[in-house]
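# Observations on the model geometry
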Amino acid sequence: MEPGSLRISEVAVGAGVHRETLRYYERRGLIPGPPRRASGYRAYPPDTVERVRLIKWAQGLGFTLREIRDLARIPHDHVSGRPDRVRARAAEKMREIDDKILRLRAMRRRLSAISACRCRGDCPILREAAGRKATP
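Okay, so let's go over this structure. All residue numbers here refer to positions counted from 1 along the written sequence of the relevant chain. Totals for whole chains, interfaces and linings use all residues, but because this is a predicted model, local features are given only for residues with pLDDT of at least 70 and pairs of side-chain atoms are given and counted only at 80 or more. Note that the side-chain values use all heavy atoms of the structure and ignore hydrogens as well as water.

### Quick notes on the overall build of the protein chain
Comment: elements are numbered from the N terminus, with helices defined as DSSP H or I runs of at least four residues and strands as E runs of at least two. A count of helical and extended segments in the protein chain gives seven helices and zero strands. Put simply, the protein chain runs from its N terminus to its C terminus through helices and strands in the order α-α-α-α-α-α-α. The rule is simple: take the accessible area with a 1.4 Å probe, protein chains only, and divide by the maximum for that residue type; under 20% is buried, over 50% is exposed, in between is partly exposed. Looking at the 136 residues of the protein chain, the share that counts as buried comes to 26%. The criterion used for residue contact is that any of the two residues' heavy atoms lie within 4.5 Å. For the protein chain, long-range pairs separated by at least 24 residues make up 47% of all intrachain contacts whose partners lie at least 6 apart in sequence. Carbon together with sulfur atoms contributes 56% to the accessible area of the protein chain, which is approximately 10200 Å² in total. The Shrake-Rupley method, run with a 1.4 Å probe sphere, supplies the accessible areas, and residue values consider only the shown protein chains as cover.

So this is what it looks like as structure tokens:
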């Protein structure tokens, strides 16, 4: 066993995730598969906890796991003098979020109109949604 290596349960607790999450991240290529101990158990390097926390943080910012895997080089890019790539990805994600906010606001307006509607049967909102004309 490598000195300082962590068991899967220790990484999970330290990163605030379930053990299955770690196995899933391995399968998706988000974290490298750790070497195995003689017993067959995984022996994670200590920096895995930080890496998993960064993955969860990026998810909280709206990045998908595929995007996170692609962005896994960001710390290296940022340090190696290519911060424009990092900024471009962040700006792209902000545009996506802004578009989503616009769609959510439109959905909220429609739902608000439906909840405020006091019709008794032939609802003009649903009629419009179905593309039917108002009955005379």
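### Overview of the nonpolar core
Buried Ala, Val, Leu, Ile, Met, Phe, Trp, Tyr and Cys residues that are joined via side-chain atoms within 4.5 Å together make up what is termed a nonpolar core. Counting 19 residues, the largest nonpolar core has Leu-22, Tyr-25, Ile-31, Tyr-44, Val-52, Ile-55 and Ile-68 as the members making the most contacts within it. Only α1 (8–15), α2 (19–28), α3 (47–60) and α4 (65–70) provide two or more residues apiece to this core. Residues within four places of Tyr-25 in sequence aside, it is in contact with Leu-30, Ile-31, Val-52, Ile-55, Lys-56, Gln-59 and Leu-65.

### A few points about helix α6 (residues 83–116)
The terminal C-alpha atoms of α6 lie 49 Å apart, and with 34 residues this matches the ideal 50 Å at 1.5 Å per residue to within 8%. Taken together, the buried positions of α6 are occupied by Pro-83, Val-86, Lys-93 and Ala-106. Multiplying 1.5 Å by the helix residue count minus one yields the expected span of that helix.

### Here we look at the packing of α1 against α3
Inter-axis angles, ranging from 0 to 180 degrees, are taken between N-to-C directions of lines fitted to C-alpha atoms, where helices are fitted over the stretch in contact. At a minimum axis distance of 9 Å, the contact between α1 and α3 shows a crossing angle of 45°. Considered as vectors, α1 and α3 are oriented oblique to each other. Where α1 crosses over α3, the handedness of that crossing is right-handed. Residues Val-11, Gly-14 and Ala-15 of α1 form the contact with α3, whose participating residues are Thr-48, Val-49, Val-52 and Arg-53. Its residues assigned to classes, the contact of α1 with α3 shows four nonpolar, two polar and one charged. Relative orientations are named as follows: roughly parallel for angles under 35 degrees, roughly antiparallel for angles over 145 degrees, roughly perpendicular for angles from 65 to 115 degrees, and oblique for any other angle. If you view the pair so one helix is near and one far, a crossing is left-handed when the near helix is turned anticlockwise from the far one by less than a right angle, and right-handed when it is turned clockwise. Under the scheme applied, nonpolar residues are Ala, Val, Leu, Ile, Met, Phe, Trp, Tyr, Cys and Pro; charged residues are Asp, Glu, Lys and Arg; polar residues are all the others, including Gly.

### Remarks on α2
Within the span of α2, buried status applies to Leu-22, Tyr-25 and Glu-26. All buried residues of α2 project into a common sector of 105° when viewed along the axis, lining one side. One or two positions beyond α2, positive phi appears at Gly-29, with a value near 80°. Arc definition: it is the arc formed by the directions from the helix axis to the C-beta atoms.

### With respect to the pattern of salt bridges
Definition used for salt bridges: Asp or Glu carboxyl oxygen within 4 Å of a side-chain nitrogen of Lys or Arg. Per the stated rule, a full pass over the model turns up five salt bridges. A salt bridge links Glu-20 to Arg-23, with the nearest nitrogen and oxygen atoms 2.4 Å apart. Remark: Arg-23 and Glu-20 occur in helix α2; sequence separation between them is three residues, near one turn of the helix. Since its relative accessible area comes to 42%, Glu-20 is described here as partly exposed. Residue Lys-93 pairs with Glu-67 through a salt bridge whose shortest N-O separation is 2.9 Å. A residue pair is termed long-range when its members are at least 10 positions apart, and Lys-93 in helix α6 and Glu-67 in helix α4 qualify at 26 residues. Among the charged side chains, a network of salt bridges with common partners joins Glu-67, Lys-93 and Glu-96.

### Considerations on the state of the cysteines
Throughout, a disulfide means two cysteine sulfur atoms within 2.5 Å of one another. As enumerated under the stated definition, the model contains zero disulfides in all. No disulfide involves Cys-117; its sulfur sits 3.4 Å from the nearest other cysteine sulfur, which is in Cys-119.

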